[in-house]
Amino acid sequence: MATIKDVAARAGISYTTVSHVVNGTRPVSDPVRSKVEAAIAELGYVPSGVARSLRVRATGTLGLLVPNASNPYFAELARGIEDHAERNGYSVILCNSDDDTDKQLRYLRVLLERRIDGLIVATVASDAAFAEALANLRVPLVLVDRSLDGVSADQLRVDHEQGAYLATRHLLELGHRRIACIGGPASTQVAQLRAGGYRRALDEAGIEAQAVVDCAFTSPAGHAAAQVLLAGEQRPTAIFAGNDMIALGVLRAAAERGLQVPQQLSVVGFDDIEVSRYLHPALTTVGQRIGQLGEQAAERLLARIRKPGLAAEQWLVEPTLMLRESTATIGG
């Protein structure tokens, strides 16, 4: 691999002058610049990003830490972040913590060792050690989807409680009264807020809420939980799932028991991941424009990188109920 010294030798000029051309640190005459560029092209020289970052104190890279990269929600979020970053000359390093708080903290250290210019985090759950580490960061930070107590940073998230309220109220308006909730991991703020919205809608209707089922935000977990609910004597006529992945598992469990959706069981999810539109029946769900949320997170992070003194702000995205084919009146 060619080095900057090889370029200098081929161009017949000093190493220092080549360095000024490559890094733009001092004006160079057009004839000299042409020689350097020709030598670079002939040798296939690639400047060292690490060396440049040490000089300019920037790497052109952003860190992104998510709890579950296999969840399409976080894949779509990452795509929005990456698209905006790429358009603005930045690369993104993605780290997946697998819903593991220890791994989450280790990956934070890895990203900081890479000298990232800024960080976007969708945290696993409330974790004191991780919150303390984020509170002491010296790089710009944006929290997306989930907030953390004690961390002063820009935050973007959907109104989880309101979204769950809209979903449950929709089922009530269709005439359902036995409405179950498979809410996600109770240790996460997201699941707690969505369970709160479910309970609020039922309270307003004067209906006693069933116990919220605690499970992972995955299709296998949703499938297992739904199998138990649908086997009971007083099975629900509708299920609000804490996210679309859980809802996919619910649809599978219903099919295995010979229950028609939505005629015998209505199902509502949350997130509006792309696949939810192509299921049969297509999933009624709470939408939150995932890719746009990612773009907004990246836009805010880059603004903070350019102006570090900006005051921390919070944005609460209003959710939208996406009515599709998985909900109907009882027997409808």
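The protein is annotated in an unreviewed UniProt entry as Transcriptional regulator, LacI family from Pseudomonas straminea.

Engineer: I'd like a rundown of the pattern of salt bridges, residues and numbers included.
Structural biologist: One pass over the full model with this rule turns up 14 salt bridges. Of the charged contacts, one joins Asp 272 and Arg 277 as a salt bridge, the two residues approaching to 3.4 Å between their closest N and O atoms. Among the residues examined, Asp 272 registers a relative accessible area of 9% and is labelled buried. Beyond isolated ion pairs, a larger network of salt bridges with shared partners links Asp 154, Arg 300, Arg 304 and Glu 313.

Engineer: Requested: an account of unusual backbone geometry, with residues and values cited.
Structural biologist: Along the chain, Val 261 connects to Pro 262 via a cis peptide bond; the corresponding omega equals 10 degrees. In this fold, Pro 262 is placed in the loop between helix 11 (244–256) and strand 9 (266–271). With an omega dihedral of 5 degrees, the bond running from His 280 to Pro 281 counts as a cis peptide bond. The backbone of Asp 98 shows a phi angle near 55 degrees, a positive value even though the residue is not glycine.

Engineer: Describe in detail the packing of helix 5 (residues 72–87) against helix 12 (residues 290–306), supporting the description with residues and values.
Structural biologist: Packing of helix 5 against helix 12 brings their axes to within 7 Å, and their N-to-C directions diverge by 45 degrees. Judged on the interaxial angle alone, helix 12 and helix 5 are oblique. Seen from above, helix 5 lies across helix 12 with right-handed handedness. Two secondary-structure elements touch here, helix 5 through Tyr 73, Glu 76, Leu 77, Gly 80, Ile 81, Asp 83, His 84 and Arg 87 and helix 12 through Ile 290, Gly 291, Leu 293, Gly 294, Glu 295, Ala 298, Glu 299 and Leu 302. Considered class by class, the residues forming the contact of helix 5 with helix 12 number seven nonpolar, four polar and five charged.

Engineer: Tell me what's going on with the packing of aromatic side chains, and back it up with residues and numbers.
Structural biologist: Scanning all chains against the criterion turns up one aromatic pair. In this arrangement the basic side chain of Arg 194 is found over the ring face of Phe 270, its NZ or CZ atom lying 3.6 Å from the centre.

Engineer: Break down the domain arrangement of the protein for me, with residues and values.
Structural biologist: The domain boundaries assigned to the protein delineate domain 1 (4–56), domain 2 (61–158 + 289–317) and domain 3 (160–287). Taking only C-alpha atoms, the centre of domain 2 and the centre of domain 3 are 28 Å apart. Facing the 15 residues of domain 2 at the interface are 16 residues of domain 3. Between domain 2 and domain 3 lies a buried interface of about 1100 Å² when both sides are counted; carbon and sulfur atoms form 52% of it. Counting across the interface, domain 2 meets domain 3 through zero salt bridges. On inspection of domain 2 and its partner domain 3, the count reaches three residue pairs in polar contact (both at pLDDT 80 or more). For the side of domain 2 that touches domain 3, the secondary-structure elements that each account for two or more residues are helix 5 and strand 5 (154–158). When grouped by side-chain class, the residues that make up the side of domain 2 that touches domain 3 number six nonpolar, four polar and five charged.

Engineer: With reference to specific residues and values, describe the confidence of the model for the protein.
Structural biologist: Confidence in the prediction for the protein averages 89 pLDDT; 93% of positions are at 70 or higher. Mean pLDDT in the protein bottoms out at helix 4 (residues 49–56), which sits at 49, and peaks at strand 8 (residues 238–241), which reaches 98.

Engineer: Could you give me a rundown of the pairing of strand 3 (residues 118–121), with the residues and numbers involved?
Structural biologist: A two-sided burial pattern is seen for strand 3, the buried positions comprising Gly 118 and Ile 120 on one face and Leu 119 and Val 121 on the other. Sheet topology places strand 1 (residues 61–66) next to strand 3; four bridges connect them, and they run parallel. Residue pairing for strand 3: Leu 65 is matched across the bridge by Val 121. Bridge analysis of strand 3 against strand 4 (residues 141–144) gives three bridges, and the strand direction is parallel. Along strand 4, the bridge assignment pairs Leu 119 with Leu 141.

Engineer: Please provide a residue-by-residue account of the sheet that holds strand 6 (residues 179–184), values included.
Structural biologist: If you walk across this open sheet you meet the six strands as 7-6-8-9-10-12, and the pairing is mixed. Pairing within the sheet leaves two strands with one partner each, and these edge strands are strand 7 (213–214) and strand 12 (320–322). One ladder, built from three bridges, connects strand 10 (residues 284–287) with strand 12; its direction is antiparallel. Among the inter-strand pairings, Gly 287 is bridged to a residue of strand 12, identified as Thr 320.

Reading the values: the criteria
- Every chain begins its residue count from 1, and numbering advances along the sequence as written.
- The model is predicted, so local features are restricted to residues of pLDDT at least 70 and side-chain atom pairs to those at 80 or more, both for listing and for counting; the totals for chains, interfaces and linings are taken over all residues.
- Water and hydrogen atoms play no part in the side-chain values, which are based on all heavy atoms of the structure.
- Salt bridges are defined as contacts in which a side-chain nitrogen from Lys or Arg sits within 4 Å of a carboxyl oxygen from Asp or Glu.
- Burial status follows relative accessibility: with a 1.4 Å probe on protein chains alone, a residue under 20% of its type maximum counts as buried, one over 50% as exposed, and anything between as partly exposed.
- Here a strand is any run of E in DSSP of at least two residues, a helix any run of H or I of at least four, and the numbering for each starts at the N terminus.
- Fitted lines through C-alpha atoms give the axes, limited to the stretch in contact for helices. The angle between two N-to-C directions lies from 0 to 180 degrees.
- To sort the angles, those under 35 degrees are grouped as roughly parallel, those over 145 as roughly antiparallel, those from 65 to 115 as roughly perpendicular, and the leftovers as oblique.
- If you view the pair so one helix is near and one far, a crossing is left-handed when the near helix is turned anticlockwise from the far one by less than a right angle, and right-handed when it is turned clockwise.
- In this analysis, two residues are considered to be in contact whenever any of their non-hydrogen atoms come within 4.5 Å of each other.
- When residues are grouped by polarity, Ala, Val, Leu, Ile, Met, Phe, Trp, Tyr, Cys and Pro land in nonpolar, Asp, Glu, Lys and Arg in charged, and all others, Gly among them, in polar.
- Two rings from Phe, Tyr or Trp (for Trp, the six-membered ring) form a pair when their centres are within 6.5 Å of each other. A pair whose planes differ by under 30 degrees is stacked, one over 60 is edge-to-face, and the rest are tilted.
- Charge-over-ring contacts are defined here by two conditions on Lys NZ or Arg CZ: a distance within 6 Å of the ring centre and an angle within 35 degrees of the ring normal.
- These domain limits were set by an automatic method or by a database of domain assignments.
- Note on definitions: buried area is the accessible-area loss of two parts on being combined, 1.4 Å probe, summed for both.
- In protein, a polar contact requires one atom able to donate a hydrogen and another able to accept it; more generally it is a pair of N or O atoms within 3.5 Å, and residues adjacent in sequence count only if both atoms are side-chain atoms.
- The quantity known as pLDDT measures the predictor's confidence residue by residue, on a range of 0 to 100.
- The pairing criterion for strands is at least two bridges between them, as found by DSSP.

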